[in-house]
Amino acid sequence: MKREQFSSSLGFILAAAGSAVGIGNLVAFPVMASKNGGAAFLIIYAFFVFFVCLPVMLAEMSLGRHTRQNPLGAYTEIGQNRAWRTVGWLSVITPFMIGVFYLVITVWIAGYLGKAIMGQLDQLADPNGFGVFINSNELFAYMALVVGLTFLILQGGVKKGIEKATTVLMPLLFVMLIALVIYVLTLENAMLGVKFFLVPDFSKITGQVLNGALAQAFFSLSLAMGILITYGSYIQKNNNIVSAGKMVAGLSLLVACCSGLLILPAAFSFNPDIEISELSESSIGMIFMFLPKIFLALQADIGYFGASFIASFFFLLVFFAAMTSLVSIIEVPVASIMDGKGLSRRKALYSLGAAMVVLAVISALSFGRIDWLSNILSYGGNTKSFFDLIYDMFYETILPLNGLLLCLFVIYRWKKHNLDAEMSQGNASFAGSFLQKYVNFSLGTFIPVILAIIFINTVLTIYFGYNMLTVFFSSIGFN
Ligand code: PHE
């Protein structure tokens, strides 16, 4: 069977941007930036996006387009030995497991969207509301809805499913985001938030912040999850991978910045005297606990319907962003089964989906509903739930490891000249350019070193409660 393709470069860019733009950009980024020096964080983050993440992104896309394979197939074909095949397995299992936790979060967002549409803002803003919702039976109705929608999109295949959905949802998402930013900026005291977001405070930048910024940039661009290898395998040979990669990185960064201009002004208009420590630590806390309070407070100004409308609009935006990311991550194992076992898309989707739903249900039950699932293991001084376990193992630990292995694979196994040849297809002026030299050099030297440090530090921190980076930075007098 001939491999499906995106119909154009734009189709690919929107699909890849759909994958990249997710909860990470819309919520995690503004939270991190606000806590860690505002524009100072933004500058560092942008630097990481273009100088560390972009080369990895180009390598993934090139590997995919060259082999016309899913990650397992790509590693097997070029690696030619069992060790690389194992790495291939890792890069299919990782997105599968990250897909499970992302599915659970998308279901929560769908639930909040549903409640906002029904005008139940007081329930959402209730301090116990979130805990009650994630342990309710209602949750499973939303899970059925999200799974159904995801299947519907993926069943359509590359062009009629993924590309079609993202070419509708992404432009809509951009327009909605801009509309919300404009609205929020007209609120009283909004400028305090803008100032807070845009005034740099370099004293906040510590070793730990640098580590967090890089990990966030990596996750936010959907790297090391096999997604861009898989989507890359659907790019036409005459499309320009390099300019597409730059567009995707740029769009993802742009959305992150706009989102900062949305969330911080909203927080300050809600309470001009807000202390940064009062903003929630995590993106989960931000979307599901802090922002609902703002929507509820809005009722006093614009009434019940107005506030419910704005809340629904916001959750719809986040829901679109989450759906396009979820679709991209599930496509990886689906493509692997289709390529590897020769199954039809439908069969691959159903067998995989069933396994995924089982794991997602188990995760959803691990927030207190079933005791042993909620306290499944203890390590690094903390007791972890099944959901935490997936998050720690695959997102925190294996993701940087996959990135590291990918760099080594592309440069030392596949070889630089093959990477160059692939990147130069559809891009005549690329050979000999600065970017070409930079990509080759960085992927073979400092990027894998940085990823190795992040990997080792994560393992020590999470599983042994010992933060190597903090110890190192404080020993050289840099906290
Ligand atoms: N880029 C996504 C985000 O920012 C992360 C992601 C992509 C997660 C794809 C899962 C699947 O939220």
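The model shown is predicted, which means the values in this text are computed figures rather than measured ones.

Caption draft 1: Geometry of the side chain of Ser336. Within the element layout of this structure, Ser336 appears in helix 14 (residues 283-341). A polar contact of 2.8 Å, which involves the side chain of Ser336, links it to the backbone oxygen of Val332. Here Ser336 is in contact with Asn70, Pro71, Val92 and Lys341, once residues within four sequence places are set aside.

Caption draft 2: Molecular detail of the site of the ligand. In the vicinity of the ligand, 14 residues are found, and the nearest of them are Ala20, Ile23, Gly24, Tyr102 and Ser220. The contact in question runs from an oxygen atom of the ligand to an N or O atom on the backbone of Gly24, over 2.8 Å. In the complex, the protein chains occlude 100% of the 310 Å² of accessible area that the ligand would expose alone. Every element with two or more residues in the shell around the ligand is listed here: helix 1 (9-20), helix 2 (23-35), helix 11 (207-220) and helix 14. Here the residues of the shell around the ligand are counted per class, giving six nonpolar, eight polar and no charged.

Caption draft 3: Layout of helix 1. The first and last C-alpha atoms of helix 1 sit 16 Å apart over 12 residues, in line with the 16 Å expected at 1.5 Å per residue. For helix 1, the tally of buried residues reaches 10 of 12 residues, placing the bulk of the element in the interior. Turning to helix 1, its buried residues number three or more, namely Gly11, Phe12, Ile13, Leu14, Ala15, Ala16, Ala17, Gly18, Ser19 and Ala20. Regarding helix 1, its N-cap is Ser8, as a side-chain oxygen of that residue lies 3.4 Å from the backbone nitrogen of Leu10 further along.

Thresholds, definitions, all that
- Residues numbered from 1 in each chain as written.
- Predicted model: local features only at pLDDT ≥ 70, side-chain atom pairs only at ≥ 80, totals over all residues.
- Heavy atoms only, no water.
- Helix = DSSP H or I, 4+ residues; strand = E, 2+ residues; numbered from the N terminus.
- Polar contact = N/O pair within 3.5 Å; in protein donor to acceptor, adjacent residues only side chain to side chain.
- Contact = heavy atoms within 4.5 Å.
- Near = heavy atom within 4 Å.
- Areas by Shrake-Rupley, 256 points an atom, 1.4 Å probe, with all protein chains shown as cover.
- Nonpolar A, V, L, I, M, F, W, Y, C, P; charged D, E, K, R; others polar.
- Expected span 1.5 Å × (residues − 1).
- Buried < 20%, exposed > 50% of the residue type's maximum accessible area, 1.4 Å probe, protein only.

No statement about biological role is implied by the geometric values presented.
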